[in-house]
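Structure at a glance
So you can see what is in the structure, the chains are spelled out below.
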Amino acid sequence: MSLLKTSLHEEHLSLNAKMAPFAGFDMPLQYSSVKEEVLAVREHAGVFDVSHMGEFFVSGPDAIAFVDNLITNDFKNAEMHKAVYSPLCREDGTVIDDLIAYKLGTDRVLICVNASNIEKDWNWISSKTGSFDCTLSNLSNEFSLLALQGPKAELILRDFGIKLPESFPYYSILETSHEGEKIIVARTGYTGEDGFEVFSSHEYAKRLWNKLIFNGVKPCGLAARDVLRVEVCYPLYGHEISDNVTPLDSGLGWTVKLTKPNFIGKAALEGYKPKYQLVKLSLDRGIPREGYDVLNAKGEKIGTVTSGTMSVVTGKGVALALIEKAKAPQDKKYSINIRNTNYEANFHAKAFVTGGHK
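For the structure given in this document, a descriptive report is provided here. (Residues numbered from 1 in each chain as written. Predicted model: local features only at pLDDT ≥ 70, side-chain atom pairs only at ≥ 80, totals over all residues. Heavy atoms only, no water.)

Brief notes about the environment of Ser-7
Note on placement: Ser-7 falls in the segment before helix H1 (9-14). Once the C-alpha coordinates of Ser-7 and Leu-145 are considered, the two residues, 138 residues apart in sequence, prove to be 9.6 Å apart. At 2.6 Å, the side chain of Ser-7 forms a polar contact with the side chain of Ser-144. (Helix = DSSP H or I, 4+ residues; strand = E, 2+ residues; numbered from the N terminus. Polar contact = N/O pair within 3.5 Å; in protein donor to acceptor, adjacent residues only side chain to side chain.)

Quick look at the structure:
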């Protein structure tokens, strides 16, 4: 089966990006070095092509109520022009995907979903409209999406003449026009840094991409994106969250608002006792990888690494791991088995890196 291509595919090739299959797309893995790209985002600004993501629009009088019923987090009471991160769950509480829902207006919502789950999410969401007075549109093929991330991101967009409100907090969204085209700008991202995601036509995205690169913004690939999100301990579908666990198993209890009158999966989650616990571990030597065993002080397997990498910022191997809650060691002593050798792991209560998002 041939790989899909984003609208910026030729631009990536012209920059000699190392390409790799991801979620059915031929995507840039890296351009320079992962270290350079990570540090660009942490210290200045980097841009990612994330046009493989899916965009669904919900419109109609019940658009907000429909989305609020669909997700575990509180969408109804979010302010207008705000974004809400949330798991999307089945009736049994297991996770279909995680997404961001954007409140564009009283009768219009944008839902951004993971590329690997576009078809699955669309089939699920479109089957749940019931008596809600709203219509759904899957416009994933019509939008490109660029993520400009880093402490200089706001200054760069303003210098380009994109009109942002004086006060534009984290997780806000704005529909505006620039260079004669309608665009949607959200102060969101997946790196832990301040930044923006720009939804636009394919042609506008090409122009913006080339202008950013020309002005010294570093192009960044999926490898750096993964290191950045693990450093700040952001979950990824297929790793920390999946069809086999609930949000309560994956450190996402804060996204499950059981005080809401109703949402899909509420009944199951209300009485659910988590089977797993998400822990953050680092190594003074060795690099943990997905699938490696996590052990207690006695050397007994208690869980599995779900994401692991070498942190550019800390210079240590870092990992997120799901462990069996009943076996969680009270002494917080863990080790990770790497090629038949057990390496003592440091337990972290907080993220490995504190990002600079507003």
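Focus: unusual backbone geometry
With phi around 65 degrees, Tyr-171 is a residue other than glycine that occupies positive phi space. Inspection of the secondary structure puts Tyr-171 in the loop between helix H5 (153-159) and strand S10 (173-178). Judged by relative accessible area, which is 18%, Tyr-171 ranks as buried. Although it is not a glycine, Lys-332 adopts a positive phi angle of roughly 60 degrees. Note on placement: Lys-332 falls in the loop between strand S17 (317-324) and strand S18 (334-338). Residue class for Lys-332 comes out partly exposed when judged on its relative accessible area of 40%. (Buried < 20%, exposed > 50% of the residue type's maximum accessible area, 1.4 Å probe, protein only.)

Here's the deal with the environment of Lys-152
By secondary structure assignment, the location of Lys-152 is in the loop between strand S9 (144-149) and H5. With 188 residues separating them in the primary sequence, Lys-152 and Asn-340 have C-alpha atoms 44 Å apart. Sequence-distant contacts of Lys-152, defined by excluding residues within four places in its chain, comprise His-44 and Ala-45. (Contact = heavy atoms within 4.5 Å.)

Quick look at the packing of helix H2 (residues 34-43) against helix H7 (residues 222-231)
For the pair H2 and H7, interaxial distance at closest approach is 9 Å and the crossing angle is 55 degrees. Overall, the two elements H2 and H7 adopt an arrangement that is oblique. When the axes of H2 and H7 are compared, the crossing they make is right-handed. Residues Val-34, Glu-37, Val-38, Val-41 and Arg-42 of H2 pack against Ala-223, Ala-224, Val-227, Leu-228 and Glu-231 of H7. Class assignment for the residues of the contact of H2 with H7 results in seven nonpolar, no polar and three charged. (Axes fitted to C-alpha atoms, helices over the stretch in contact; angles between N-to-C directions. Parallel < 35°, antiparallel > 145°, perpendicular 65-115°, else oblique. Left-handed = near helix turned anticlockwise from the far one by under 90°. Nonpolar A, V, L, I, M, F, W, Y, C, P; charged D, E, K, R; others polar.)

As for the side chain of Asp-121
Tracing the backbone through its elements, the reader meets Asp-121 in helix H4 (residues 118-126). Lacking a salt bridge, the buried Asp-121 has Lys-120 as its closest oppositely charged neighbour, with an N-O distance of 5.3 Å. When neighbours within four sequence positions are excluded, Asp-121 is seen to be in contact with Phe-56, Leu-88, Ile-96, Asp-97 and Val-113. (Lys, Arg positive; Asp, Glu negative; His and termini not counted. Salt bridge = Lys/Arg side-chain N within 4 Å of Asp/Glu carboxyl O.)

Examining the sheet that holds strand S16 (residues 301-310)
Read around the closed barrel, the six strands follow the order S14-S17-S16-S15-S18-S19; overall the barrel is antiparallel. For this sheet, the mean inter-axis angle between neighbouring strands, taken without regard to orientation, is 45 degrees. Sheet contacts for H7: S16 and S17; angle to S16, the most-contacted strand, approximately 125 degrees. (Pairing = 2+ DSSP bridges.)

A word on the pairing of strand S1 (residues 18-22)
Relative to strand S2 (residues 25-30), S1 runs antiparallel, the two being bridged by five bridges. Each bridged residue has a counterpart across the sheet, and for Ala-20 the counterpart in S2 is Met-27. In sequence, S1 turns back onto S2 through a hairpin of two residues, with Ala-23 there showing a positive phi of about 50 degrees.

A closer look at the pairing of S10
Two faces belong to every sheet, and in a regular strand the side chains alternate between them. Alignment of S10 against strand S11 (residues 181-186), held across six bridges, turns out to be antiparallel. Within S11, the position partnered with Leu-174 by the bridge is Val-185. What sits between the antiparallel neighbours S10 and S11 is a turn of two residues, in which Glu-179 has the positive phi angle 55 degrees.

Overview of the sheet that holds strand S13 (residues 218-219)
Strand pairs in the sheet, formed through backbone hydrogen bonds, run parallel or antiparallel to each other. Spatially, the six strands line up as an open sheet ordered S10-S11-S12-S9-S3-S13, and their pairing is mixed. Both outer strands of the open sheet, S10 and S13, are each paired with one neighbouring strand and no more. Judged from the four bridges that link them, strand S3 (residues 46-49) and S9 form a sheet pairing that is antiparallel. Bridge pairing in S9 links Gly-46 to Gln-149.

Interpretation note: all reported values are geometric properties and have no functional meaning in isolation.
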